[in-house]
Amino acid sequence: MNYDFDTQLPLWNIPTSKYGSLKKAYGTDDPDVIPMWVADMDFAAAPPIRAALQAEVDAGYFGYFGDVSRVSQSVARWYKDMHGWEVDPGWVRFTHGVVNGFGDVLAAFSEPGDEVIVFSPVYHAFFRQIDAMGRRVHQSPLILRDGQYHMDLEALAAALTGREKVLTLCSPHNPGGRIWSAEEIRAVAAFCAEHDLILISDEIHMDLTFPGVNFTPTAVAAPDHLDRLVVLNAASKGFNTAGGETGFFLAPDPGIRAKLDKVVLDRESSPNRFGMVMIAAAYDHCADWSRDVRAYLAENFRLFSARIGALPGVSVMDMQATYLAWVDFTDLGMSDRELLDRTLDAKVAPSPGPHFKEGGSGHLRFNLALPRPTLLKAIERIEIAFSDLQ
């Protein structure tokens, strides 16, 4: 491995959401607490990204960003080389992050009062954005089978109200770490065609697959349904650049793009200059860093799963991607408040399961993108928190 992921950065000393917001979120600012909630990595960004940012600083110009074509080409090249999708750079539109782009799609293809389908439990920001825009959440609960989540499209079809306009697929899935099979993705796309739904495929975790596992883009799995597909993505999760607040959406269909372009033009904003620099550097020069960090994360998950999964009444969902472990404590019969209090008392701060809505109660989500010495300390603390169950 060519990079140092074992050194803990001094993140208590700089403004960060993961560390600096603990007081607001959990009522503690104890510097001994190990934050395992906000989904970013406690690793230094790849050297080419830092070098590209330094070059931008040295140039001294911090005005509006201009021609995006070179960065669009970087996005297209990365998708082709790493994930097998031939993207036309002209399909790419940049946003101020994936959640912002999600809002743009809702604005283009739905009206207040319309329903947006999500497969829960799932990334909590979807719910906030849907509610904030006056749309209604239609939850389709995932079902647990053989230790993995599965979509129940038959149950969803039976529950449709006729007000649904958009279906959201989180692929890979957060918090389950599931990579949907090509067959599952095709079934979802066909469902959207049958019920006249726009399909949003949030692929922000695609560059966090574990070694030996392949991610299938929705466009590759379901090429017959590109006329209703919008892909949301960013380099932020895979390369730890969330502070750049820059994402993008991909719309292969010209009619879909035209509606999205109307929303983007009405917003009258330009991309974050430094975010664009980071995207290009990540996709052009950081494939080896990506390979190494994914191997490191996979080993972190193996260690975490083996030890936490050995606790009586506790199970860790097996995952194929992301660094967000989904842990099931429901067999313990504890309330969500007690589960969280136990971990906080042990000075570990995970994400509460109810944040991910239906199916989240009785669970905690743990961010494993930590230097291994820090992770091992967190594992020991979690074991102690539930030691009375031994």
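Up top is the structure.
Overview of the structure. The written sequence of each chain sets the order in which its residues are numbered from 1. In view of the model being predicted, local features appear only for residues whose pLDDT reaches at least 70, and side-chain atom pairs are presented and counted only at 80 or more, with totals across whole chains, interfaces and linings using the full set of residues. To get the side-chain values, all heavy atoms of the structure are used, and hydrogens and water are removed first.

For the rest of this paragraph, the subject is the state of the cysteines. Sulfur atoms of two cysteines make up a disulfide when they are within 2.5 Å. Scanning all chains against the criterion turns up zero disulfides. Looking at the unpaired C170, the closest cysteine sulfur is the one in C192, lying at 15 Å. Relative accessible area decides the class of each residue, using a 1.4 Å probe on protein chains only: under 20% of the type maximum gives buried, over 50% gives exposed, and in between gives partly exposed. Classification of C170 as buried rests on a relative accessible area of 3%.

Helix and strand assignments follow DSSP, with helices taken as H or I runs no shorter than four residues and strands as E runs no shorter than two, numbered in order from the N terminus. Assignment of secondary structure puts E383 in helix 15 (residues 372-385). A sequence separation of 40 residues divides E383 from T343, and the C-alpha atoms of the two residues are 9.5 Å apart. The contact criterion used is simple: two residues touch if any of their non-hydrogen atoms lie within 4.5 Å. For E383, the contacting residues outside a window of four places in its chain are R307, I308 and L311.

When DSSP locates at least two bridges between a pair of strands, those strands are taken to pair. Spatially, 2-10-9-8-7-3-4 is the arrangement adopted by the seven strands of the open sheet, whose pairing is mixed. The sheet is open, and its two borders are formed by strand 2 (92-95) and strand 4 (136-141), each paired with just one other strand. Mean inter-strand twist for the sheet, computed between neighbouring axes without regard to direction, equals 25°. Taken together, the six bridges between strand 3 (residues 115-120) and strand 4 define a ladder with parallel strand orientation. Counterpart to S120 in the pairing with strand 4 is P141. A fitted line through C-alpha atoms represents every axis, and for helices the fit uses only the stretch in contact; the resulting angles, taken between N-to-C directions, go from 0 to 180 degrees. Relative to strand 7 (residues 164-170), helix 8 (residues 182-194) is tilted by about 170°, and along the sheet it contacts strand 7 and strand 8 (198-202).

A few words now on the nonpolar core. For our purposes a nonpolar core is just a set of buried Ala, Val, Leu, Ile, Met, Phe, Trp, Tyr and Cys residues, chained together by side-chain atoms within 4.5 Å. Core analysis: the biggest nonpolar cluster contains 103 residues, and L167, F304 and F366 have the highest contact counts within it. With eight residues, the single largest contributor to this core is helix 13 (residues 287-308). Not counting the four nearest positions on each side in its chain, L167 is found in contact with I117, F119, L156, V188, F191, C192, L197, I198, L199 and I200. With 24 residues, the next largest nonpolar core counts V98, F102, V118 and V122 among its residues.

Moving on, we come to the packing of helix 3 (residues 47-59) against helix 12 (residues 273-285). In contact at an axis separation of 8 Å, helix 3 and helix 12 are set at 140° when each is read in the N-to-C sense. As judged from the angle between their axes, helix 3 and helix 12 are oblique. The chirality of how helix 3 crosses helix 12 is right-handed. Contact with helix 3, carried on its side by P48, I49, A52, L53, E56 and V57, involves R273, F274, V277, M278, A281, A282 and H285 of helix 12 and no other residues of that element. Under the scheme applied here, ten amino acids are nonpolar (Ala, Val, Leu, Ile, Met, Phe, Trp, Tyr, Cys and Pro), four are charged (Asp, Glu, Lys and Arg), and all others, including Gly, are polar. In terms of residue class, the contact of helix 3 with helix 12 is built from ten nonpolar, one polar and two charged. Roughly parallel means an angle under 35 degrees; roughly antiparallel, over 145; roughly perpendicular, 65 to 115; everything else is oblique. Each crossing gets its hand from how the near helix is turned against the far one by less than a right angle, where anticlockwise is left-handed and clockwise is right-handed.

Bringing the side chain of D328 into the picture now. Take D328: it is sitting in strand 12 (residues 324-328). The charge count treats Lys and Arg as positive and Asp and Glu as negative. His and the chain ends do not count. When a carboxyl oxygen of Asp or Glu lies within 4 Å of a side-chain nitrogen of Lys or Arg, that pair is called a salt bridge. R342 provides the closest opposite charge to the buried, unpaired D328, separated from it by 14 Å. In terms of polar contacts, D328 uses its side chain to reach the side chain of T330, at 2.6 Å. D328 has contacts with G313, V314, S315, G362 and H363, leaving out every residue within four places of it along the chain. What qualifies as a polar contact is a pair of N or O atoms within 3.5 Å, subject to a donor-acceptor requirement within protein and to the restriction that residues adjacent in sequence count only when both atoms come from side chains.

Scanning the model with the defined rule gives 20 salt bridges in all. Residue K18 is joined to D42 by a salt bridge in which the shortest nitrogen-to-oxygen separation is 2.7 Å. Highlighted residues: K18 in helix 1 (residues 17-20) and D42 in the loop between strand 1 (34-36) and helix 3, separated in sequence by 24 residues. Taking the shortest distance from any N to any O, the salt bridge between D32 and K347 comes out at 3.6 Å. You can see D32 sitting in the loop between helix 2 (22-26) and strand 1 and its partner K347 sitting in the loop between helix 14 (336-345) and strand 13 (348-352), a full 315 residues away along the chain.

Read these as geometric descriptors, not functional statements.
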